[in-house]
Amino acid sequence: MADATRAARAADAPGAAPRTAPSGSGRALSEVYDTALLDLDGVVYAGGEAIAHAVDSLRAARDGGMRLAYVTNNAARTPETVAEHLTRLGVPADPSEVVTSAQAVARLIAGQVPAGARGLGAGGEGLRVALRERGLSPVDSADDDPAAGGQGYGGPELPWGVLAEASIAVNRGVPWFASNTDLTIPSGRGIAPGNGAAVEVVRIATGHTKDPRVAGKPLPPMHRETILRTGAVRPLVVGDRLDTDIEGAHAGGVDSLLVLTGVTDAARLLAAAPEHRPTFVAADLRGLLAPQPEVVADGDGFRCGGWRAAAGDGGALMLDGGGDALDGLRALCAAAWTAAGTGGGRVSAERALGVLDL
Ligand SMILES: [Mg+2]
């Protein structure tokens, strides 16, 4: 097990060879890692409801001694509000266990301006509270002489005038910061514009001449904020999104678990670029409590559990066997990532995935 984890860490180190298969672990991940850095939407809840198995799995992981921290790019809500929401869903959480991109961007801003400076808070309450937490004074108008302008998700009620104040300030040369640049955000009724869309509005108003400094996943300030606040020694990033959660883990040299309860499906996982390949993959948060089966090379293919996968001559993935569908997916990951990593190009996964009931 230790060897498998060492291999996983080496494969994730910046500059190392690309990961070509999910790692195995002989012990439950909740025993191997001291802190789970959990994404929220698509991992713990979706559309306000807890995701299947999330509540029981998190409780069991915590009872087993794993610390839980909730890491969100959503800057609109305060840690108190997020903790209350989680507690209501049956996942007891303290505000100190929540880390938001608003906190990460507030620290970034505080490092660039004089102590106690004014900061334009173009976003929701989460951003204003985070600015105050760092000793800054949130203001609402470009005429209030802000030393910095921070943009964070303000929710569907964000007034257009807030974007106007941010645009005016940035056009006057006020340093520009953004909590995150996720273009979209899932709502209960479909996809809605995220903070990245609001950032684009301001960028348009600058004639595309300026760029904000960004804190959120997958960038280092968010990772730094999370490690500072949780004191994690052996963290495991748990997420549903390849280009934020998993890429952020990769950039920070931290192992990751992808769960398939959110935006990433099996086809996307198989096509993942090297920096988007997670250390482990599981159907849902029960994966925290379980050992991870090894993927082993077998001739020109890969075995995991009862399955064997290989990339055929025409680039089509082939899958034979039976058993746990996730094991089949792990074997397919090895075949697809290895083929892509050796110049085999994009593989076709449609038929092989049809064999799995995922
Ligand atoms: Mg998510």
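Residues numbered from 1 in each chain as written. Predicted model: local features only at pLDDT ≥ 70, side-chain atom pairs only at ≥ 80, totals over all residues. Heavy atoms only, no water.

## Observations regarding the packing of aromatic side chains
Here comes step 1: Enumeration according to the criterion identifies 1 aromatic pair in this entry.
Here comes step 2: Positioned above the aromatic ring of Y33, the side-chain terminus of R234 is 5.2 Å from the ring centre. (Phe/Tyr/Trp six-rings, centres within 6.5 Å; stacked < 30°, edge-to-face > 60°. Lys NZ or Arg CZ within 6 Å of the ring centre and 35° of its normal.)

## A closer look at helix 12 (residues 325-341)
Here comes step 1: The terminal C-alpha atoms of helix 12, which comprises 17 residues, lie 24 Å apart, in line with the 24 Å expected from a rise of 1.5 Å per residue.
Here comes step 2: Among the 17 residues that make up helix 12, 14 are buried, leaving the element largely enclosed by the rest of the structure.
Here comes step 3: Sitting at the head of helix 12, D324 places a side-chain oxygen 2.9 Å from the backbone nitrogen of L326. (Helix = DSSP H or I, 4+ residues; strand = E, 2+ residues; numbered from the N terminus. Expected span 1.5 Å × (residues − 1). Buried < 20%, exposed > 50% of the residue type's maximum accessible area, 1.4 Å probe, protein only. Polar contact = N/O pair within 3.5 Å; in protein donor to acceptor, adjacent residues only side chain to side chain.)

## Side note on the pairing of strand 13 (residues 235-239)
Here comes step 1: Counting buried positions along strand 13 gives 5 out of 5 residues, so the element sits mostly inside the fold.
Here comes step 2: Side chains of strand 13 alternate between two faces, with P235, V237 and G239 and L236 and V238 buried alike.
Here comes step 3: In this structure, strand 1 (residues 35-38) lies alongside strand 13, joined through 4 bridges in parallel fashion. When the bridges of strand 13 are listed, L37 appears paired with V237.
Here comes step 4: Where strand 13 meets strand 14 (residues 255-259), 4 bridges bridge the pair, whose relative direction is parallel. Counterpart to L236 in the pairing with strand 14 is D255.
Here comes step 5: With respect to chirality, the unit in which strand 13 leads through helix 10 (residues 242-252) into the neighbouring parallel strand 14 is right-handed. (Pairing = 2+ DSSP bridges. Right-handed = clockwise from strand over helix to strand, strands pointing away.)

## Regarding the sheet that holds strand 16 (residues 296-298)
Here comes step 1: The 4 strands are arranged 16-17-18-19 in an open sheet whose pairing can be described as antiparallel. Looking along the sheet, the strands with just one partner apiece sit at the ends: strand 16 and strand 19 (317-321). With direction set aside, neighbouring strand axes in the sheet form an average angle of 30°.
Here comes step 2: The sheet contact formed by strand 16 and strand 17 (residues 301-304) spans 3 bridges and is antiparallel. (Axes fitted to C-alpha atoms, helices over the stretch in contact; angles between N-to-C directions.)

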